Amino acid sequence: MAAPSELVHGGRSIYRSFLVQVVTCVVLGTILPPFIYFGAKLSILDNPTFQNSVVASIIALVAGIFFARRVNIYPGVKQLGAVLPTFIASFGAVALCILAFRFEYSNQVLLLNFAVSVLVYIGVMSMATKADRSIFYTVPGGRIRRLKNVGLIVRDLAVPTLPMHDGAIIVADLHAELDDDWERLLATAALEGVPVFHFKQVYEAATGKVWVEHLSENSFGSLLPNMSFMKLKRLFDIALVLVLLPLLVVPLLIVALLVRLDSPGPVLFRQERVGFRGRPFDVCKFRTMRCEELSMDVEEQRAQAMTGENDPRITKLGAFLRRTRIDELPQMFNILLGHMSWIGPRPEALALGIWYQKEIPFYDYRHIVRPGITGWAQVNQGHVTELEDIDHKLQYDFYYIKNFSYWLDFLILMRTVQVVFTGHGAR
């Protein structure tokens, strides 16, 4: 049975024909284009350059399809929108391998196959999406009403009768006390091969949030991050910083000089924030706001820690640095020191963290992973500080922890690039 996230993002009809999609894309996207381009000359088959380029294109295409399918299971991902960045990543990785092993290759074939593969896969996915007919049918009772307004096609079942609809999916609050007739319906649906899901599974798949009311409902085991991935992620964080630092030294010095000339005050902004396992640390960023004296009053400290929309304290240069996220780059040193990761829940100012901890149940649980320069909540929600918004942010953070993986980090990275170019969520 397909995972709930896959059903939310296009239905079973898209994924049951995966092999057909791959074969179609390989033939139309990587084999035919070079033949057509070179005039269908059979002699090119004996050319090692041609052979290597076609084989490399096939590997990159299959990898691109696999990557696109993996990130498509997460909420908020437009199927077609994920194709280009994933194919750029797969073809780019294959090209680097070709260069590293010094295989003979043709730039023309690789570029041609990349362009055609993207177009062919988009066409295949478009047709599969139009063919999808998934509808969620809800069983009355319990907290099922929470599925309203989450972006799904939802219909209420009035009587305990199995929907006669290809692509029907039944959703119920399986923790609620249901009548015997409704219990029989769920059993019948399972026997007939109709998917039955607990409403929280569908809610998480549709919204990208984990709704936590009682920890017993989301056992610690289901929210514990993947510890082996956490160790590998730490090694990757350090490696990426060591690669980027030599390349960014000069640009960072230029930005530091511009900050110094833009307004009086230090180049770097330091602030105590709550970090990994709840331990405070000093975050380091380029200063983007005018300096002000820190108040001794707790409520005023909270207000100073909050950055509002069009905050008058932000300088002209600071607005640009925030919009492009350049102000975050000095946090690479926080990553080296183990305070942070590239990707994770954003660390809150200590004054705000203490406040949220008192007001919001389970708030401290977000500190089970290292905070990040960017994160799932940031690319979905942007920058928020009010309590009602923080509650939603916490649900995004719990979703990230529960789905802690390479694929989610890859998706967050892609969407962060989009945020940098659009400026969404910058304050």
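Criteria and cut-off values
- Residues numbered from 1 in each chain as written.
- Predicted model: local features only at pLDDT ≥ 70, side-chain atom pairs only at ≥ 80, totals over all residues.
- Heavy atoms only, no water.
- pLDDT = per-residue confidence, 0-100.
- Contact = heavy atoms within 4.5 Å.
- Axes fitted to C-alpha atoms, helices over the stretch in contact; angles between N-to-C directions.
- Helix = DSSP H or I, 4+ residues; strand = E, 2+ residues; numbered from the N terminus.
- Left-handed = near helix turned anticlockwise from the far one by under 90°.
- Nonpolar A, V, L, I, M, F, W, Y, C, P; charged D, E, K, R; others polar.
- Buried < 20%, exposed > 50% of the residue type's maximum accessible area, 1.4 Å probe, protein only.
- Pairing = 2+ DSSP bridges.
- Salt bridge = Lys/Arg side-chain N within 4 Å of Asp/Glu carboxyl O.
- Expected span 1.5 Å × (residues − 1).
- Arc of directions from axis to C-beta.

Novice: Is there a simple way to think about the confidence of the model for the protein in this case?
Specialist: Any segment with low pLDDT has predicted coordinates that should not be analysed in fine detail. Chain-level statistics for the protein give a pLDDT mean of 82 and a share of 81% at 70 or above. Segment residues 1-5: pLDDT under 50, and 10 contacts once partners within four positions in sequence are set aside and those in other chains are kept. Contacts for the low-pLDDT stretch residues 8-15, under 50 throughout, to residues beyond four places or in other chains number 39 contacts.

Novice: What's the story with the packing of helix α3 (residues 18-37) against helix α4 (residues 48-72) in this structure? I'm lost.
Specialist: Helix-helix packing: each pair is described by the crossing angle between the helix axes and the interaxial distance. The contact between α3 and α4 brings their axes to 10 Å, and the two run at 145°. The crossing of α3 and α4 is right-handed. Facing α3, whose interface residues are F18, V22, C25, V26, T30, I31, P34 and F35, α4 presents F50, V54, S57, I58, L61, V62, I65 and R69. Grouping the amino acids of the contact of α3 with α4 by side-chain chemistry returns 13 nonpolar, 2 polar and 1 charged.

Novice: Explanation requested: the side chain of S90 in the structure shown.
Specialist: Following the sequence through the fold, S90 ends up in helix α5 (residues 83-101). Since its relative accessible area comes to 2%, S90 is described here as buried.

Novice: How should I be thinking about the pairing of strand β1 (residues 135-138) in this particular structure?
Specialist: The two faces of a sheet get side chains in turn, since along a regular strand they alternate between them. The side-chain alternation of β1 yields two buried faces, one formed by I135 and Y137 and the other by F136 and T138. Pairing analysis gives 4 bridges linking β1 to strand β3 (residues 168-172), with the strands arranged parallel. Looking across to β3, one finds that T138 is bridged to V171. Relative to strand β2 (residues 154-156), β1 runs parallel, the two sharing 3 bridges. Within β2, the residue paired with T138 across the bridge is D156.

Novice: What should I look at first to understand the packing of α4 against α5 in this one?
Specialist: Direction vectors running N to C along α4 and α5 enclose 145°, while the axes themselves pass 8 Å from each other. When you trace α4 past α5, the crossing you get is right-handed. The segment α4 lies against α5, with A56, S57, I59, A60, L61, A63, G64, I65, F67, A68 and V71 engaging T86, F87, S90, F91, V94 and I98. Split by residue class, the contact of α4 with α5 holds 13 nonpolar, 4 polar and no charged.

Novice: Just checking my understanding: could you explain the sheet that holds β2 for this structure?
Specialist: Hydrogen bonding along the main chain pairs the strands of a sheet, whether they run parallel or antiparallel. Read from one edge of the open sheet, 4 strands run β2-β1-β3-β4, paired in parallel fashion. The open sheet has two free edges, formed respectively by β2 and β4 (196-198), since each of these has just one partner strand. With strand direction ignored, the average angle separating the axes of adjacent strands in the sheet is 35°. In the packing of helix α8 (residues 199-207) onto the sheet, contacts are made with β1, β3 and β4, and the angle to β4 comes to roughly 80°.

Novice: Is there a simple way to explain the pattern of salt bridges in this structure?
Specialist: If the charged atoms of two oppositely charged side chains come close together, the side chains can form a pair. For the structure shown, the criterion picks out 11 salt bridges. Among the ionic pairs, R145 bridges to D156, the shortest N-O distance being 3.3 Å. Placement of the pair is R145 in the loop between β1 and β2 and D156 in strand β2, with a sequence separation of 11 residues. What makes D156 partly exposed here is its relative accessible area of 41%. A salt bridge links R346 to E328, with the shortest nitrogen-to-oxygen separation between them at 3.4 Å. A residue pair is termed long-range when its members are at least 10 positions apart, and R346 in the loop between β7 (341-343) and α14 (350-359) and E328 in the loop between α12 (316-324) and α13 (332-336) qualify at 18 residues. The pair R346 / E328 is uniform in exposure class, with both members buried. Bridged by salt links that share partners, the residues K285, D327, E328 and R346 form one connected network.

Novice: Looking at this structure, how should I read unusual backbone geometry?
Specialist: For residues other than glycine, phi is negative in most cases, and the peptide bonds are mostly trans. The residue R102 is not glycine, and still its phi comes out positive at about 60°. With respect to the helices, strands and loops of the structure, R102 is situated in the loop between α5 and α6 (107-131). Of the residues examined, R102 reaches a relative accessible area of 76% and is grouped as exposed. The backbone of R325 shows a phi angle near 65°, a positive value even though the residue is not glycine. Here R325 shows up in the loop between α12 and α13. With a relative accessible area of 21%, R325 lands in the partly exposed category.

Novice: What's the story with α5 in this structure? I'm lost.
Specialist: Think of an α-helix as turning once every 3.6 residues; residues three or four places apart then point the same way. Taking 1.5 Å of rise per residue, the 19 residues of α5 would be expected to cover 27 Å, and the 27 Å separating its terminal C-alpha atoms lies within 8% of that figure. Listing the buried residues of α5 in full gives V83, T86, F87, S90, F91, V94 and I98. Projected down its long axis, α5 carries its buried residues within an arc of 120°, all on one side. Projecting away from the buried face of α5 at angles above 90 degrees are the exposed residues L96, L99 and A100. Directly after α5, the chain includes R102, whose backbone phi takes a positive value near 60°.

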